[in-house]
Each structure stands twice: as C-alpha cells, then as structure tokens.
Amino acid sequence: MLEGLKVVELASYIAAPGAGGIMADWGAEVIKIEARSGDPMRQFFDTIGSDQAANPVFELDNRGKRSLVLDIGTADGREAALRLARTADVFLTNVRPGALKRAGLDWESLRAENPRLVYASVTGYGLEGPDADKPGMDVASFWSRAGVAAITAPKGVDPFPIRTGMGDHITSMATVSAILAAVFERQTTGKGRLVETSLLRTGIYAIGSDMAIQMRFGKLASTRPRELAVNPLGNFFKTLDDRWICLLPRQGAPDWPAIASAAGHPEWVQDPRFDRAKSRRENGPALVAAMDAAFGAMTLSEAAQRLDAGDITWAPVQTPRQVLEDPQAIAAGCFVQVEDGLGGSFASPASPARFPGAPEGPLGTVPALGEHTDLVLTELGYGPEEISALKASGAAA
C-alpha cells in the first residue's frame, strides 16, 4: 500500500515506533535512527529481570525497518540526520520538543529544509500547555491521566496498571491515520504539515462515549460489579465447564426474548421483575443470579449453540493462549510470520488492517542495532572514508 513512502523515525519505546511498524508492514521504507545505546525497548526483558533471548515486544513494532545509529548530540550526527530528513516524506518522532529544538530537528527547522515533509510528533501530553515537555508513557498519560483507569476499575476497586503497550498501540493507530491524512492533503497542496498525537488525547478519545456523557450531563455512572450492572444483560456469565461468556444485547430490548429463551427460561419475558428495562435494572441482582444459574448449568458449547440460534451478540472470554488457537482469529489474518534472518520465521501479531489481494505480513526482518548504518549513509552520499570518520568520532555507529 505504501511502497515509495519514505519514513524517518527518530523515536523509542512503543507509541511512535508502533506507527512506524504499521507503515513498514504496509510497504513504507522506514529508517529508524537510534542512539548508540539503542531503543530502550531492546532491553525490555533485561529491565524486568528476564534472560529471554528473543524480544517479541521490540520485534512487533520494529520489523521491516532499517536501523541507523547516529548521535544527534554531535554536529556530524545532526548533519547526517538532517540530510536524511531532506530526503523523507515523513519524519516521525516522540523525542520531547525541547530536545528536538536544540538538535535543529524540530518542525520549523525541518520544514525550512523540506517543505513537503509530513512531521509527526507523538508526545505524552501534546505540544502546548504547561505539561507539553513532560515525559509520558501509556500507564501515566493514557491510562491514568486521561481517565481510562478510573472508569475501568469497578467502584471500590484500587487502580491497577494497563497491560504492556495497550494505550501506546491505540496512539500508534491514531498516528498512522494522521500521517496518511497529511500525505493525502499534500497531493493537493504540495506541502507537508505538522501533525501531532498524544497519549492523553487518544486516551480521552478511547473513552469518548463516556466523556461525551460527562461533558453533556455533568455526571457519569461508575463502573459497577457484575451483579450490580446498569444493564444486567450486558454482562459476563460462567458456564458449567468454567468458561466465561460475554453477553452484549443490542440497544433497546429486541434481544431480551431471545436471551431468555437461550437461558432456557422464556417465561422471564412475562415476569414483572424482568419484563422491562427499568424493572430489570431495579431487580438486577436477582436477574444476574438467575442467569448465573441458567448458564452455569450449560457447557460453553451448549451456551454457544443457544446464543447463536437467537442471533445474540456474545463472545467467549479467552486468554491470549486460547486466542492463538481461535480458528476465527486465524482466518481473520490476526497473526503473521516474521522472517528471523536465519532462514526461519516466528509468529507475531498482525498490524491492525487487512488489504485483501495484497501481500500479507511484514516485509522484512527485525533490524540489529546499527545494522544499516553504512548502507543508509552511503545512500545519502557519504563515502567510505567519511563513514569511517563518523564512526571514529562517535557520531555514527
């Protein structure tokens, strides 16, 4: 899809590299500028005290890229980065604005060098305001400050952290969308533009339905325990074989007769405790207990047959291990094979969209730190002696 699009990525961790990784999967040429120590995510398992040889967290967001090591704290390293940016369609970064300004790699500086450049800034809190230059990561900026954690934990439950990279990867998708919108605009104007995403903004958008209620009505219901759910039917129930199912009725009440029938109790539709949405809410604990007993007497397979017969929206609650064996996830192309550079391959999550008829999966291996430094510098016009001098001075590696 993106063959011919050249992306220069000066970024680390997950949110911005994840955007670069999606574009690499879709055919873009993505050149990742790294410091001599490398993207810190290369040491993800070291950080948590694990001696794992592979690093699937880094691999997911960086497959198919080329790695160039430059020290942009040096004049020669900055010049090489600037020379590369002059040739790019997109400059993608999550380096804080102040550091970019000092290195001459901020939006205003690069726009003067390359007016067609789409400059994508990914930050914790945006480019304006009192906290614009604060460090941000998904657990802090997306999960906590944006309100996601507070509405996710049921009332009375202590806050808990988000899983690795969840808020980051939502921001990755937002960033790709913003970049491609600006690339499309450039077809008409001939000019690039600054686009910005932040973990804070995507977090607020991710809970946008709840935020819209809060903003419109000035109040918002808390997340409740299962037995006290506002809509008892939109809930989770355990089957006889200790599997949980998620039940999600459509808006209004068209599914209630089918749900009652699937539970083996069509008479519930006429029960005055449960005959209307309001009465079901008022008698929620009793209804949840009754449905617990009904589905608790069925296996997952039996419940599935009954719910499917009623065309009810439902899903099994699955562990990641179970997801890997889900035939629908496999058929939907949710997993791809990544070349390991040694003649083999390994499985990895697919990027978040499919293009039927186009090649599926990553288009390259995961780069070693500085694997492509010589090649990229050569493409920029540096000769062998100049490259050697850059490495000797520490400006490149």
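Note: the structure precedes this text.
Treat the numbers as computed from the prediction; the structure is a model and nothing was measured. (Residues numbered from 1 in each chain as written. Predicted model: local features only at pLDDT ≥ 70, side-chain atom pairs only at ≥ 80, totals over all residues. Heavy atoms only, no water.)

Our next topic: a positive patch on the surface. On the surface, Lys155, Arg224, Lys278 and Arg281 cluster together into a patch of positive charge. Mapped onto the elements of the fold, Lys155 is located in the loop between helix H8 (148–152) and helix H9 (166–189). (Patch = residues over 30% accessible without salt bridge, like charges linked within 9 Å, V, L, I, M, F, W, Y side chains within 5 Å. Areas by Shrake-Rupley, 256 points an atom, 1.4 Å probe, with all protein chains shown as cover. Salt bridge = Lys/Arg side-chain N within 4 Å of Asp/Glu carboxyl O. Lys, Arg positive; Asp, Glu negative; His and termini not counted. Charge placed at Lys NZ, Arg CZ, Asp CG, Glu CD. Helix = DSSP H or I, 4+ residues; strand = E, 2+ residues; numbered from the N terminus.)

What follows concerns the environment of Asp340. Among the structural elements, Asp340 can be located in the loop between strand E10 (335–339) and strand E11 (345–349). Since its relative accessible area comes to 34%, Asp340 is described here as partly exposed. Asp340 has contacts with Ser345, Phe346 and Thr365, leaving out every residue within four places of it along the chain. A polar contact of 3.4 Å, which involves the side chain of Asp340, links it to the backbone nitrogen of Gly343. (Buried < 20%, exposed > 50% of the residue type's maximum accessible area, 1.4 Å probe, protein only. Contact = heavy atoms within 4.5 Å. Polar contact = N/O pair within 3.5 Å; in protein donor to acceptor, adjacent residues only side chain to side chain.)

Scanning the entire structure with this criterion turns up 19 salt bridges. When the shortest N-O distance is used, the salt bridge between Glu34 and Arg42 registers 2.8 Å. Two residues, Arg186 and Asp89, come together in a salt bridge whose shortest N-O distance is 3.3 Å. Of the two residues, Arg186 sits in helix H9 while Asp89 sits in the loop between helix H4 (75–86) and strand E4 (90–93), which places them 97 residues apart along the sequence.

Under the definition given, this model contains eight aromatic pairs. Plain terms: the ring middles of Trp143 and Phe160 are 5.9 Å apart, the flat faces sit at 55° to each other, and that makes the pair tilted. Taken together, the positions of Trp143 in helix H7 (residues 138–145) and Phe160 in the loop between H8 and H9 put the pair 17 residues apart, joining distant regions of the chain. Classification of Trp143 as buried rests on a relative accessible area of 7%. For Phe160, a relative accessible area of 36% translates into the label partly exposed. In this structure an aromatic cluster arises from ring pairing among Phe91, Trp107 and Tyr119. Across from the ring centre of Tyr382, 4.0 Å away, lies the NZ or CZ of Arg83, which sits over that ring. In this structure, Arg145 packs its charged tip against the face of Tyr125, placed 5.0 Å from the ring centre. (Phe/Tyr/Trp six-rings, centres within 6.5 Å; stacked < 30°, edge-to-face > 60°. Lys NZ or Arg CZ within 6 Å of the ring centre and 35° of its normal.)

Residues Leu5, Val7, Met23, Ala28, Val90, Leu92 and Ile179 are the most contacted members of the largest nonpolar core, which totals 33 residues. Elements represented by at least two residues in this core include exactly helix H1 (15–25), E4, strand E5 (118–123), H7, H8, H9 and helix H10 (199–206). Top element by residues in this core is H1. It accounts for six residues. For Ile179, the contacting residues outside a window of four places in its chain are Met23, Val90, Leu92, Val118, Ala120 and Val195. Val8, Leu10, Ala81 and Leu117 belong to the second-largest nonpolar core, a separate cluster that totals 28 residues. (Core = buried A, V, L, I, M, F, W, Y, C linked by side-chain atoms within 4.5 Å.)

Take the sheet that holds strand E2 (residues 29–34) next. The six strands lie next to each other as E3-E2-E1-E4-E5-E6, forming an open sheet whose pairing is parallel. Strand pairing shows two members of the sheet lacking a second neighbour, strand E3 (66–69) and strand E6 (194–198), which therefore form its edges. Within this sheet the neighbouring strands show an average axis-to-axis angle of 20°, counted without direction. With five bridges connecting them, E5 and E6 associate as parallel partners. Bridge pairing in E6 places Val122 opposite Thr197. (Pairing = 2+ DSSP bridges. Axes fitted to C-alpha atoms, helices over the stretch in contact; angles between N-to-C directions.)

Positioned with a positive phi, Tyr13 is a non-glycine residue whose angle comes to about 65°. Its place among the elements puts Tyr13 in the loop between strand E1 (6–10) and H1. Positioned with a positive phi, Asp242 is a non-glycine residue whose angle comes to about 60°. Its location among the elements puts Asp242 in the loop between strand E7 (235–238) and strand E8 (244–247).

Moving on to H1. Counting buried positions along H1 yields 11 of 11 residues, so the element is predominantly enclosed. Along H1, the residues that are buried comprise Ala15, Ala16, Pro17, Gly18, Ala19, Gly20, Gly21, Ile22, Met23, Ala24 and Asp25. Where H1 terminates, the next one or two residues include Gly27, which has phi positive at roughly 105°.

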